[in-house]
Structures are given as structure tokens and as C-alpha cells.
Amino acid sequence: MVIILKANISQTEVDKLVAKIRSLGVEAKITEGTDQTIIGLVGDTTRVDSKKLQASGLVERIMIVQEPFKRANRRFKSEDTIITVADKQIGGKKLTLIAGPCSVETEEQIVGIAKDVKKLGATAIRGGAFKPRTSPYSFQGLELEGLRLLKLAKQETGLPIVTEIMSTSMIDTFVKEDVDIIQVGARNMQNFDLLKQLGKINKPILLKRGLAATIEEWIMSAEYIMSGGNDNVILCERGIRTVENYTRNTLDISAVPVVKKLSHLPIILDPSHAAGLNWMVDPLSKAAVAVGADGLIIEVHNDPANALCDGQQSITPKEFGELREKLKVIASVVGREV
Ligand code: PEP
Ligand code: MN
């Protein structure tokens, strides 16, 4: 249930109303808009008598929300959520460009790529230290050493770091090591224990869509994080499993307008994991910007042919720079900036 208050209601009256709602065991989340105050109700709203509320004289309109997600719902908060990371904003007018290798391999590799993409205008550097690989025999990441090297890349460039978490046991370490954006990978999108624990910290979470998750299931996973108190969730569409096997996955481009309609959370696209082919990163990135995504996360490697992971879908720093120039043109058409 969403209660839209009349304009010019005093703070005392708002407080009284909220206290009344909370006394019924229902949580009330207040959003102060420029013109109006909105109270989003979470919990068993059957306890709230909407007729009585309407009769209070304070209420402009009451909306019953059909979707199972509340905090992530655009009906609860009509303005786009903008997440601040270091001196950057994710979800604002300027597009977010996260670039970097699939995995951190060596100091030279990650620091070198970070310096390159920084010069080329990247917002943040990505790199996996803990890798969710299909085979236990594949490279599993440098783990703690990888985190240390990412921190070094951050020190050298000032770029915030984005890296994936796979287990609740690493949350304290990720916070202590000051990972700027914690990625939850596609395979962990419904690791509910992990989501709940990430709800208790205040770091931004990059939540990738599961390989076979519906948009609603994906937003419900965001809701898990938000219901714990962490509202800093960035959604990431990275391709889903379909009958098509020419590409690694199928980029669900329509997820962007759907998410924008249903939720206020920022959404970025990952063309690298979606297609699994380096030459498709360019056209899919352009499509992502055109369709209204808030940014991209792209695998960039200095030596894709010898990458320890996902070289086939990685572009070089030079190609990243060229792509960024093309994105400027498309961004300007849709009212965004690069
Ligand atoms: C990654 O970003 O390196 C990754 C493993 O992505 P996904 O979870 O989307 O497969
Ligand atoms: Mn990868």
C-alpha cells in the first residue's frame, strides 16, 4: 500500500500518522518528494483500514501495490535512485562505465589496465578475485591476494573497485578492504543468506540477474538486500539462458525499460557475459545506452589472447576508448552524458 499525502501537511501530522501505522505492526517508509510526501507500507497491510485513512483528511490518494516487492518499487519512490561511490554517481545523467578484466591475474595486469581505462574515462575498475567457475579445475581467482592487488590499482588510479563476493564469510573482509561496489554474481542471485547479510552493510551492491531468473525474481533479490536496510542496489542485466547458443547468453535488452518502469533502482548492462564474444561488445553497448541503461560493465584486458578467464569476450583498452567515443553520440540522443 502506498499513501500519497496532500500537499502542505505538517510534520507533526505526518509523524502522528506514521506512529499510528507502526502501532499496527506495519512498517512505514517515508519518501519526501519535492511536492509530496509518500508513505510506503511494508508488511501485513490488511491491518490498515484504508477507508479510515482516507477519512483522516491528510490523504490525497491510496494505491494498492500488486507487485511483491515494495522497497524496490517505483510506486514507493518515484524518483530514480542515485548511488554515490567515491566522487561518482550511478543512476544520474552521466553513464557509469565499469571496465576491467574478468579476473585479477598479476599486479602488472590489474594496475596497468586500471591506468589505461582511467585515462579512457572509466568510472570504476572491475576484476574478480573470487571466481565462480563452472569447473573446479578452472582458475578460481587469486582470492585475498586479488583483493590486495585491486586495492593497489585503486591507490594508483583513484578508481573505485568492483569485485564479486561468493560467500557470507567474506563480507567482513570486503568491508575491511574497502571494496567500493560488491558484486553478487548471476549464480548467487538467489543465495538468500548472502543477500540478507549484504542488507546489513551499507556498501553498494551490484546485483547481477540470474541465468534463468525472471525480472520479478531478480527485483525480489534486490528487495532482500533492501529489506535488511541497504538501499544501495544496482541491478545488472548480463544475459539469460535461452534456446539460442550462438551467443553465450541472450542479452535481454527489454529488461531495461521493464526495470525502469517497475523500480527506481539503477540498472546497468554487461554486454561481455551476455554475448561471450568480443566483437559483440560494441553493438550491444550502443543498444544498452539507446534503450536507457544507466551504464555498462565491460570486460577489458590488455592481452585477451592470454587472459586466464573470459579472454574471448574481452576487448582491449584501445577498443574500450573507441567504444566510449561512439557511446557519447548515442548518449546525447537519449539525454545522457558519457
Ligand atoms: C563476472 O562478472 O565476472 C561474472 C562471473 O559474471 P556473471 O555472474 O554475470 O556470470
Ligand atoms: Mn568474466
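Residues numbered from 1 in each chain as written. Chains lettered and ligands numbered in written order. Predicted model: local features only at pLDDT ≥ 70, side-chain atom pairs only at ≥ 80, totals over all residues. Heavy atoms only, no water.

J.: In this structure, what is going on with the coordination of the manganese ion (ligand 2)? I would like to understand it.
T.: The expected angle between donors at a tetrahedral four-coordinate metal is 109.5 degrees. At an octahedral six-coordinate metal it is 90 or 180 degrees. Listed as protein donors to the manganese ion (ligand 2) are Cys102 (SG), His273 (NE2), Glu299 (OE) and Asp310 (OD); their distances from the metal cover 2.0 to 2.4 Å. As a motif over one chain, the donors of the manganese ion (ligand 2) read C-x170-H-x25-E-x10-D. Pair noted here: cysteine 102 is in the loop between β7 (96–100) and α3 (107–119) and glutamate 299 is in strand β14 (residues 295–299), with a separation of 197 residues, a long-range link. Judged by relative accessible area, glutamate 299 falls into the buried class, the value being 1%. (Donors = N, O, S within 2.8 Å, 3.2 Å for Na, K, Ca; no water. Helix = DSSP H or I, 4+ residues; strand = E, 2+ residues; numbered from the N terminus. Buried < 20%, exposed > 50% of the residue type's maximum accessible area, 1.4 Å probe, protein only.)

J.: Is there a simple way to explain the side chain of arginine 336 in this structure?
T.: Relative to the assigned elements, arginine 336 resides in the segment after α11 (317–333). Classification of arginine 336 by relative accessible area gives buried; the value is 16%. Polar contacts involving the side chain of arginine 336 include one to the main-chain carbonyl oxygen of lysine 93, which spans 3.1 Å. With residues up to four places along the chain from it excluded, the contact list for arginine 336 reads Gly91, Gly92, Lys93, Leu95, Gly292, Ala293, Asp294 and Ala331. (Polar contact = N/O pair within 3.5 Å; in protein donor to acceptor, adjacent residues only side chain to side chain. Contact = heavy atoms within 4.5 Å.)

J.: Please explain the pairing of strand β2 (residues 27–32) as it appears in this structure.
T.: Side chains on a regular strand alternate between the two faces of the sheet. Two elements, β2 and strand β3 (residues 37–42), share six bridges in a ladder whose sense is antiparallel. Each residue of the ladder has a partner; that of lysine 29, found in β3, is glycine 40. Linking β2 to β3, which pair antiparallel, is a turn of four residues. (Pairing = 2+ DSSP bridges.)

J.: How should the sheet that holds strand β4 (residues 59–63) be read in this particular structure?
T.: In sheet architecture, strand pairing relies on hydrogen bonds along the backbone and comes in two forms, parallel and antiparallel. What the four strands build is an open sheet, ordered β2-β3-β1-β4; its pairing is antiparallel. Both edges of this open sheet fall to β2 and β4, since each of them pairs with a single strand only. Going across the sheet, the axis of each strand differs from the next one's by a mean of 20 degrees, ignoring polarity. Most of the contacts of helix α1 (residues 11–23) go to β2, to which it runs at about 155 degrees, and overall it touches β1 (2–5), β2 and β3. (Axes fitted to C-alpha atoms, helices over the stretch in contact; angles between N-to-C directions.)

J.: For this particular structure, what's the right way to read the site of ligand 1?
T.: Not every one of the 13 residues close to ligand 1 is listed here, only the nearest: Arg126, Lys131, Ala186, Arg187 and Arg238. In this structure, glutamine 183 approaches ligand 1 through a side-chain N or O atom, which is 2.9 Å from an oxygen atom. In this structure, alanine 186 approaches ligand 1 through a main-chain N or O atom, which is 2.7 Å from an oxygen atom. Here ligand 1, which alone exposes 300 Å², has 97% of that area covered by the protein. Residues of the shell around ligand 1, tallied by class, amount to three nonpolar, three polar and seven charged. (Near = heavy atom within 4 Å. Areas by Shrake-Rupley, 256 points an atom, 1.4 Å probe, with all protein chains shown as cover. Nonpolar A, V, L, I, M, F, W, Y, C, P; charged D, E, K, R; others polar.)

J.: Is there a simple way to think about the pattern of salt bridges in this case?
T.: Close approach of charged atoms allows side chains of opposite charge to pair. Evaluated as defined, the whole model comprises 24 salt bridges. The partner of lysine 154 in a salt bridge is aspartate 180, and the shortest N-O contact between them spans 2.8 Å. With a gap of 26 residues between them, lysine 154 in helix α4 (residues 144–157) and aspartate 180 in the loop between α5 (171–176) and β10 (181–184) connect regions that are remote in the sequence. A relative accessible area of 13% places aspartate 180 in the buried class. Residues lysine 203 and aspartate 178 are paired through a salt bridge, measuring 2.5 Å at the closest nitrogen-oxygen approach. Linking lysine 203 in the loop between α6 (192–198) and β11 (205–208) with aspartate 178 in the loop between α5 and β10, this pair joins segments that are 25 residues apart in sequence. Overall, the relative accessible area of 11% leaves lysine 203 in the buried class. (Salt bridge = Lys/Arg side-chain N within 4 Å of Asp/Glu carboxyl O.)

J.: What is the right way to look at helix α7 (residues 215–227) in this model?
T.: In an α-helix, one full turn covers 3.6 residues, which means residues spaced three or four apart are oriented alike. Across its 13 residues, α7 extends 18 Å between first and last C-alpha, which sits within 8% of the 18 Å expected from 1.5 Å per residue. Burial in α7 covers these residues: Ile215, Trp218, Ile219, Ser221, Ala222, Glu223, Ile225 and Met226. Packed against the buried residues of α7 are α6, β11, β12 (233–237), α8 (255–262) and β13 (267–269). Positive backbone phi, approximately 115 degrees, marks glycine 229, located one or two places after α7. (Expected span 1.5 Å × (residues − 1).)

J.: Explanation requested: the sheet that holds β11 in the structure shown.
T.: If you trace the eight strands once around the closed barrel, you get β7-β8-β9-β10-β11-β12-β13-β14, paired in parallel fashion. The average undirected angle you get between the axes of adjacent strands in this sheet is 30 degrees. Sheet topology note: the β7/β14 ladder contains five bridges and is parallel. Bridging across to β14, leucine 97 finds its partner in leucine 296. In the packing of helix α10 (residues 281–291) onto the sheet, the strands contacted are β13 and β14, and the crossing angle to β14 comes to about 165 degrees.

J.: Before we go on, may I ask you to explain the packing of α7 against α8 in this structure?
T.: If you want to describe how two helices pack, look at the angle between their axes and the distance between the axes. Running from amino to carboxyl end, α7 crosses α8 at an angle of 50 degrees, the nearest separation of the two axes being 11 Å. One finds that α7 runs oblique with respect to α8. Regarding α7 and α8, the two cross each other, and that crossing is right-handed. Across from Ile215, Trp218 and Ile219 in α7, the residues of α8 making contact are Ala255, Val258, Val259 and Leu262. (Parallel < 35°, antiparallel > 145°, perpendicular 65-115°, else oblique. Left-handed = near helix turned anticlockwise from the far one by under 90°.)

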